[in-house]
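The lines below spell out each chain.
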Number of protein chains: 2
Amino acid sequence: MAAKRSGAQSKRSQRKGLSLRSVQESRSEPPLSLERIVATAVELLDAQGVDGLTMRRLADRLGSGAMSLYWHVANKEEVYDLALDSVLEYRGPPQIAESRDWRGEVVHMLEDWRAIMLRHPWSALLLPRRALGPNILGRLELLSKTLAGAGVADADLNVAIWSLWNYVMGATVTRASFDLSDDDRAAAQQRLTRLSEHYPTIERSRLLLDNDWDGAFRKGLDFLLDGLAPMQ
Amino acid sequence: MAAKRSGAQSKRSQRKGLSLRSVQESRSEPPLSLERIVATAVELLDAQGVDGLTMRRLADRLGSGAMSLYWHVANKEEVYDLALDSVLEYRGPPQIAESRDWRGEVVHMLEDWRAIMLRHPWSALLLPRRALGPNILGRLELLSKTLAGAGVADADLNVAIWSLWNYVMGATVTRASFDLSDDDRAAAQQRLTRLSEHYPTIERSRLLLDNDWDGAFRKGLDFLLDGLAPMQ
DNA sequence: CGATTGAATCGTACGCCGTACGAGTCATGC
DNA sequence: GCATGACTCGTACGGCGTACGATTCAATCG
């Protein structure tokens, strides 16, 4: 059915875990490394979008042959996985004491999340098609812990988390898709105006045009949190 | 930047609009038509997923040469666009009188929407990357009209609509992505269990495992609608 | 009636993609 | 000095989207 993602392993990762150093010592940094590959992949994705990333281009940018990548990485899918997860690292909010303002913390976490994905629009399109990496799971865990700490019962936790996650994902994906099609902002506006000509209510509310996306995101989030609050 | 989608036109659609009949008359139905192409593309997408659709395969299934498709369609992107929009047709709820139970209507529309996209998981992955087709816009318009009819002020309409849309999109995309990676349900469970080992709260809530997706969707939706209600 | 047209089909070919395969390089430890 | 194993990469294969031009065939017109 879908893509198989199970058995794939880079030759590198098949080795147990020994002997990382040796080559490391040479003067000018080793031309290839997983870190450099992932970082360059992110650069490329930022610059060219999801379809702009090809193994050959990636290798070119790294000054190596395309096939050299496959020592460090099992296949292109793994590059996508690593690039996505690498961008989603999260160091919590200032982290003061114990469970102060849970609502503020949740809002902060979710806005940070959204901000990242809007900064890297490809990530919003990629995420639904990739496995959950450690950073994504880490964020989910943190969200769960915060809500649980705020008193949400275990039974309600799933509803709470999925509601928030879904909302953020939807807002991010939608927004990113609008950004994507804005090759030329003015032309896009025109196109949308022409499109919404026969949709009077959409037209009247200027739904597709000058939205205050950030404000709308916050308001919807507040509605959800209002609904969630009685659960604690 | 992103893909250009502007100038593309099938040779067919460049012709004004005359002379549709002629060939129609031959005995065994004409081997190719936009309708057949789109319908077959949907079949293929249902069966093989987003990446399973290729022009050659599509043509094979239609018993024609690959290049013949390009008479009816400008390029592969257009096939995606048409397939997506074709699946999203909507005939409203029983449509009784004027603005009865607006909340019930909204819930019905959104659950129908979600149901479709879960029935065709590829559509959830496609939608964020495609332009808004007439059926999608039609659904948005209907949603807007219902909310406006329920008394939501124009100023609040955008927030209301985007909140709901984002939530539905997120829920759909997330759910579809879980379905996607379930080549083998049992193996997937195992993998998720192993993954969540180091995420105690996720583990405790069994967030990734036996969720009542439908119920959770309804509850989150109710929270949103509760929040929206005061606007009317 | 034959000639012309234009709708529709399709074979071939090009440039790109991911990656299998195996040969090459080179530092290390015997 | 030789074997080993980490790492790099050239070549090649099959598949992709699609540009281009030849082909077929029914309708139209003189």
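Please refer to the structure higher up on the page.
Near DNA strand D lie 18 residues; those nearest to it are S68 and H72 of chain A together with R56, Y70 and K76 of chain B. Protein-adjacent atoms of DNA strand D, using a 4 Å cutoff, are sugar or phosphate at a proportion of 47%. G65 of chain A is positioned such that a nitrogen or oxygen atom in its backbone is 3.0 Å from a phosphate oxygen of DNA strand D. Residue H72 of chain A places a side-chain N or O atom 2.7 Å away from a phosphate oxygen belonging to DNA strand D. For the surface near DNA strand D, the elements supplying multiple residues, two or more each, are α4 (69–72) of chain A together with α3 (55–62) of chain B. Taken together, the residues that form the surface near DNA strand D break down as eight nonpolar, six polar and four charged.

On to the packing of helix α12 (residues 213–228) of chain A against helix α9 (residues 154–180) of chain B, then. Closest axis-to-axis distance for the α12 of chain A/α9 of chain B pair is 9 Å, and the angle between their directions is 65°. With respect to α9 of chain B, the element α12 of chain A is oriented roughly perpendicular. Crossing hand, α12 of chain A versus α9 of chain B: right-handed. Together, W213, A216, K219, G220 and F223 of chain A of α12 of chain A and V159, W162 and S163 of chain B of α9 of chain B make up the contact between the two elements. When grouped by side-chain class, the residues that make up the contact of α12 of chain A with α9 of chain B number five nonpolar, two polar and one charged.

Turning next to the relation of the copies chain B and chain A. For the pair chain B and chain A, the best superposition has an RMSD of 0.0 Å and corresponds to a rotation of 180° with a translation of 0.0 Å parallel to the axis. Overall, the copies show the geometry of a two-fold rotation axis. When each C-alpha of chain B is compared by its distance to the rotation axis, G170 of chain B comes out closest, at 1.9 Å. Most of the interface of chain B is mirrored in chain A: 100% of its interface residues are interface residues there too.

Cut-offs and rules
- Counting of residues starts from 1 at the beginning of each chain's written sequence and follows it residue by residue.
- Numbering of ligands from 1 and lettering of chains from A proceed in the order in which they are written.
- Reporting of local features is limited, given that this is a predicted model, to residues whose pLDDT is at least 70; pairs of side-chain atoms are given and counted only at 80 or more, and all residues count toward the totals for whole chains, interfaces and linings.
- Neither water nor hydrogens contribute to the side-chain values; these are computed over all heavy atoms in the structure.
- By convention in these notes, a residue is near a molecule or strand provided one of its non-hydrogen atoms lies within 4 Å of it.
- Definition of a polar contact: a pair of N or O atoms within 3.5 Å, with one able to donate and the other able to accept a hydrogen when the atoms are protein atoms, and with sequence-neighbouring residues admitted only if both atoms are side-chain atoms.
- By the criteria applied, helices consist of DSSP H or I runs no shorter than four residues and strands consist of E runs no shorter than two, each listed in order from the N terminus.
- In this count, Pro and Cys sit with the nonpolar residues alongside Ala, Val, Leu, Ile, Met, Phe, Trp and Tyr, while Asp, Glu, Lys and Arg are called charged and the others, Gly among them, polar.
- The axes used here are C-alpha line fits, helices contributing only the stretch in contact, and every angle between their N-to-C directions lies in the interval 0 to 180 degrees.
- We call two directions roughly parallel when the angle between them is under 35 degrees, roughly antiparallel when it is over 145, roughly perpendicular when it lies between 65 and 115, and oblique otherwise.
- Handedness of a crossing is defined here by the sense of rotation of the near helix relative to the far one, left-handed for an anticlockwise turn of less than a right angle and right-handed for a clockwise turn.
- The criterion used for residue contact is that any of the two residues' heavy atoms lie within 4.5 Å.
- For the least-squares superposition of copies, only C-alpha atoms count, and only for residues with pLDDT at least 70 in both.

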